[in-house]
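# Structural description and commentary
As a plain string of letters, each chain reads:
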Amino acid sequence: MTNDNSQSVAILGAGAWGTALANLAAANGHQVRVWSRWGEETLEAVLEDAQIILSAISMKGVRDVAAQVKSLPVSPETIFVTATKGLEPETTCTPSQIWQSAFPDNAVVVLSGPNLSKEIEMELPAATVVASNIFTAAQAVQLVFSSNRFRVYTNPDPVGVELGGTLKNVIAIAAGVCDGLQLGTNAKAGLVTRGLTEMVRIGNFWGAKTETFYGLSGLGDLLATCNSPLSRNYQVGYQLAAGKTLEEVLSHLQGTAEGVNTCRVLMQRARQQNIPVPITEQVDRLLQGKITPQQALDELMLRDIKPEYHFEDGN
Ligand SMILES: NC(=O)C1=CN([C@@H]2O[C@H](COP(=O)(O)OP(=O)(O)OC[C@H]3O[C@@H](n4cnc5c(N)ncnc54)[C@H](OP(=O)(O)O)[C@@H]3O)[C@@H](O)[C@H]2O)C=CC1
Ligand SMILES: O=C(CO)COP(=O)(O)O
């Protein structure tokens, strides 16, 4: 396909998501170059004249790759896009915070939504969100990826969009356990709904807007990930419920299940700030091998009884 507004797009990370995003941009007629550690092109060659640099590196590699990019010439006009869904253990930074601190003069856009890469590679329709404090940057990225099979919305709350995609991974592990234990549809609806409440609570603490969590990057991604065996995070929970150890599950898992590390980071931060995160807490104990899936369920069901919400007017 030819495109009069063709952009030069560098994709960092040739994993499942980087490859799917590269194919979407290429199908729209953009000049796409993909970099991976094992690829033939150097990072310098891939970044040359890039108008958009998109990172789909898993969380553990983001800071290192950002440092490598920083050592190379990058125009202040270049827009960075981050598609990683994780938190850095040492700092609790989000990926966009890492990119923004490495490139304070560049626009940074978060891309996140209900986007199981296998479905996107099958050319099934999907929607996503691009969020930035700089509207024109989000709009430019929206144009690069939008098509009749990928509907892209802009959003002005990058923290909320990024946290939605990150926090839902922990709830998806719990949803996998729920299905693995065959607890039924009522239990799953209860878990996912209370999971969303937990995501909003944490997100609000970190400066995200509540409404964002009810959109595609929050509820949307939560529904996709908690209901699909294609989700690696869901698979972790499902297989733990079948009695496997975390080591066994991860050694056979294709790709990255970010929720495992995110859960640890989240738990530490929630403790420091006194944020109640009961589902995350049980997932954390389960991942550490401290309790069984059944014990995690019992703990959640037998918590102190309480109102569903604390309404500000006291009702
Ligand atoms: N797959 C999906 O459906 C979706 C995934 N995401 C998110 O995108 C991110 C990537 O996921 P996905 O593509 O599935 O994962 P994969 O495991 O398939 O790919 C991970 C990518 O990160 C790269 N990487 C990891 N560490 C380093 C490092 N130190 N230096 C350079 N490159 C590194 C890998 O490079 P190499 O190949 O060289 O090892 C690979 O390209 C995750 O945060 C995930 O949550 C978001 C939406 C959808
Ligand atoms: O983020 C995703 C879908 O939006 C992918 O989920 P998993 O990382 O659990 O596979």
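On a predicted model such as this, the values are computed, not experimentally measured, just so you know.

## What to know about the site of ligand 2
As a structural note, the neighbourhood of ligand 2 is formed by 13 residues, with K168, D221, S231, R232 and N233 the closest of them. At 2.4 Å from an oxygen atom of ligand 2 is found a side-chain nitrogen or oxygen belonging to R232. Relative to its unbound accessible area of 300 Å², ligand 2 is 92% covered by the protein chains. Elements supplying a minimum of two residues to the shell around ligand 2: helix 10 (216-226) and helix 11 (232-241). The residue inventory of the shell around ligand 2, partitioned by class, reads 3 nonpolar, 6 polar and 4 charged. Here the shell around ligand 2 spans two domains, since at least three of its residues come from each of domain 1 (8-156) and domain 2 (163-301).

## Comments concerning the UniProt feature "binding site: substrate" (unreviewed entry) in the protein
The UniProt feature table records "binding site: substrate" (unreviewed entry) at K85, R232 and N233. The greatest C-alpha distance among the annotated residues, which extend across 149 residues, is 12.6 Å, indicating that they converge on a single site. Among the annotated residues just listed, those lining the largest pocket are K85, R232 and N233. Among the structural elements, K85 can be located in the loop between strand 4 (79-82) and helix 4 (95-102). Judged by relative accessible area, K85 falls into the buried class, the value being 16%. Those residues in contact with K85, other than ones at most four positions away along the chain, are S112, G113, G165, T166, K168, N169, D221, E258 and T262.

## Description of the site of ligand 1
The full set close to ligand 1 counts 23 residues, and W17, R37, S117, T256 and E258 are the nearest of them. One of the backbone N or O atoms of K85 is found 3.0 Å from an oxygen atom in ligand 1. When the free accessible area of ligand 1 is taken as 890 Å², the share hidden by the protein chains comes to 86%. Comparing atom positions with the cavity grids shows ligand 1 to sit within the largest pocket. For the shell around ligand 1, the element with the most residues is helix 3 (residues 59-70), which contributes 3 residues. In terms of residue class, the shell around ligand 1 is built from 9 nonpolar, 9 polar and 5 charged. The residues that make up the shell around ligand 1 include at least three from each of domain 1 (8-156) and domain 2 (163-301).

Criteria and thresholds
Residues numbered from 1 in each chain as written. Chains lettered and ligands numbered in written order. Predicted model: local features only at pLDDT ≥ 70, side-chain atom pairs only at ≥ 80, totals over all residues. Heavy atoms only, no water. Near = heavy atom within 4 Å. Polar contact = N/O pair within 3.5 Å; in protein donor to acceptor, adjacent residues only side chain to side chain. Areas by Shrake-Rupley, 256 points an atom, 1.4 Å probe, with all protein chains shown as cover. Helix = DSSP H or I, 4+ residues; strand = E, 2+ residues; numbered from the N terminus. Nonpolar A, V, L, I, M, F, W, Y, C, P; charged D, E, K, R; others polar. Domains from an automatic or database assignment. UniProt positions renumbered as here; feature names shortened; annotations may be inferred. 1 Å grid on protein atoms, 1.4 Å probe; cavity = no way out; pocket = protein on both sides within 12 Å on 5 of 7 lines; lining within 4 Å. Buried < 20%, exposed > 50% of the residue type's maximum accessible area, 1.4 Å probe, protein only. Contact = heavy atoms within 4.5 Å. Sits in = over half its atoms within 2 Å of the grid points.

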